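Residues per chain, in single letters:
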Amino acid sequence: MSHHHQQPHMLSEQDQLPRLPIPPLRQTISKYLESIVPVANDDIAALAETNRRASHFLRAAERLQQRLIEYEKTQPYSWLEKWWFELAYLSWRESLCINSNYWIAFADDPNAYGLAVAPEQLQPG
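A few words now on the nonpolar core. Within the largest apolar cluster, 9 residues are counted, these being Leu-25, Ile-29, Leu-33, Ile-36, Ala-40, Leu-47, Ala-54, Leu-58 and Ala-61. At the level of elements, helix 1 (25–40) and helix 2 (44–72) are the ones that each hand at least two residues to this core. Take this core: its biggest share by element is 5 residues, from helix 1. The residues contacting Ile-36, other than those within four sequence positions of it, are Leu-47 and Thr-50.

Right, dumping it as structure tokens:
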């Protein structure tokens, strides 16, 4: 006797998922400022200018953050869903491999595509 369980249909459990949180603005900027310290390479002037610009952005963005919070309340599942589907997913028509996998762009690896030999060494069969 087999027990066959029917699998749920795609997105049928969507309303059971937790809502995607809106990242707190101050926390996001703080993480950004922490992340640029290694990149700044002890350039104190660049760090100071970036901190100044981040403070200016924070003042301007607080109003936008509030608008996002209000917008989120009008969306059935996520504040990001409509933007993601319409702009990032459906309307972006660049080559996926090159434009979404930066490892390929930065690594000089002849086996980058999982090949046992470099592509230029392949011979048509």
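Across the interface, helix 1 lies against helix 2 with an axial gap of 10 Å and an inter-helix angle of 160°. On the basis of the axis angle, helix 1 is roughly antiparallel to helix 2. Note on packing geometry: the crossing formed by helix 1 with helix 2 is right-handed. Together, Leu-25, Arg-26, Ile-29, Tyr-32, Leu-33, Ile-36, Val-37 and Ala-40 of helix 1 and Leu-47, Thr-50, Asn-51, Ala-54, Phe-57, Leu-58, Ala-61, Glu-62 and Gln-65 of helix 2 make up the contact between the two elements. For the contact of helix 1 with helix 2, the residue count by class is 12 nonpolar, 3 polar and 2 charged.

Bringing the packing of aromatic side chains into the picture now. Note on aromatic pairs: each is described by the distance of the centres and the angle between the planes. With the rule as written, the count across this model stands at 1 aromatic pair. Ring centres of Trp-83 and Trp-84 lie 6.2 Å apart, and the angle between their planes is 45°; on these two criteria the pair is classed as tilted. The exposure class of Trp-83 is partly exposed, given its relative accessible area of 44%.

With that settled, consider a nonpolar patch on the surface. Together, Trp-83, Trp-84, Phe-85, Leu-87, Tyr-89 and Leu-90 give the surface a local cluster of nonpolar side chains, amounting to about 680 Å² of exposed area. Within the element layout of this structure, Trp-83 appears in helix 3 (residues 81–90).

Close approach of charged atoms lets side chains of opposite charge pair. By the definition in use, this model includes 5 salt bridges. One salt bridge in this structure joins Glu-62 and Arg-26, with 3.1 Å as the shortest N-O distance. Here the residue Glu-62 occupies a position in helix 2, and Arg-26 occupies one in helix 1, the gap between them amounting to 36 residues. A residue is classified by how much of its surface remains accessible, and Glu-62, at 37% relative accessible area, is partly exposed. Given a relative accessible area of 57%, Arg-26 falls into the exposed group. Lys-73 is the salt-bridge partner of Glu-70, the closest N and O atoms lying 3.3 Å from each other.

The rules behind each value
- Within any chain, residue numbers begin from 1 and follow the written order of that chain's sequence.
- It should be noted that, the model being predicted, local features are given only for residues of pLDDT at least 70 and side-chain atom pairs only at 80 or more, the latter also being counted only at that level, while totals for whole chains, interfaces and linings use all residues.
- With hydrogens and water stripped out, all remaining heavy atoms of the structure feed into the side-chain values.
- To qualify as a nonpolar core, a set must consist of buried Ala, Val, Leu, Ile, Met, Phe, Trp, Tyr and Cys residues joined through side-chain atoms within 4.5 Å.
- For every residue, the accessible area (1.4 Å probe, protein chains only) is compared with the maximum for its type, and the residue is labelled buried under 20%, exposed over 50%, or partly exposed between those bounds.
- Only DSSP runs of H or I with at least four residues qualify as helices, and only runs of E with at least two residues qualify as strands; both kinds are numbered from the N terminus onward.
- Contacts between residues were defined by any pair of non-hydrogen atoms, one from each residue, lying within 4.5 Å.
- All axes here are fitted lines through C-alpha atoms, helices being fitted over the stretch that makes contact, and every angle between N-to-C directions spans 0 to 180 degrees.
- In this scheme, roughly parallel covers angles under 35 degrees and roughly antiparallel covers those over 145, while 65 to 115 is roughly perpendicular and the rest are oblique.
- A clockwise turn of the near helix away from the far one marks a right-handed crossing, whereas an anticlockwise turn of less than a right angle marks a left-handed crossing.
- Under the scheme applied here, ten amino acids are nonpolar (Ala, Val, Leu, Ile, Met, Phe, Trp, Tyr, Cys and Pro), four are charged (Asp, Glu, Lys and Arg), and all others, including Gly, are polar.
- Aromatic rings from Phe, Tyr and Trp, with only the six-membered ring used for Trp, were paired whenever their centres fell within 6.5 Å, and each pair was classed as stacked if the ring planes differed by under 30 degrees, edge-to-face if by over 60, and tilted otherwise.
- Patches were defined on residues exceeding 30% relative accessible area and lacking a salt bridge, with like-charge contacts within 9 Å and nonpolar side-chain contacts (Val, Leu, Ile, Met, Phe, Trp, Tyr) within 5 Å.
- Areas reported as accessible are Shrake-Rupley estimates using a 1.4 Å probe. Residue values count occlusion only from the protein chains shown.
- Definition used for salt bridges: Asp or Glu carboxyl oxygen within 4 Å of a side-chain nitrogen of Lys or Arg.

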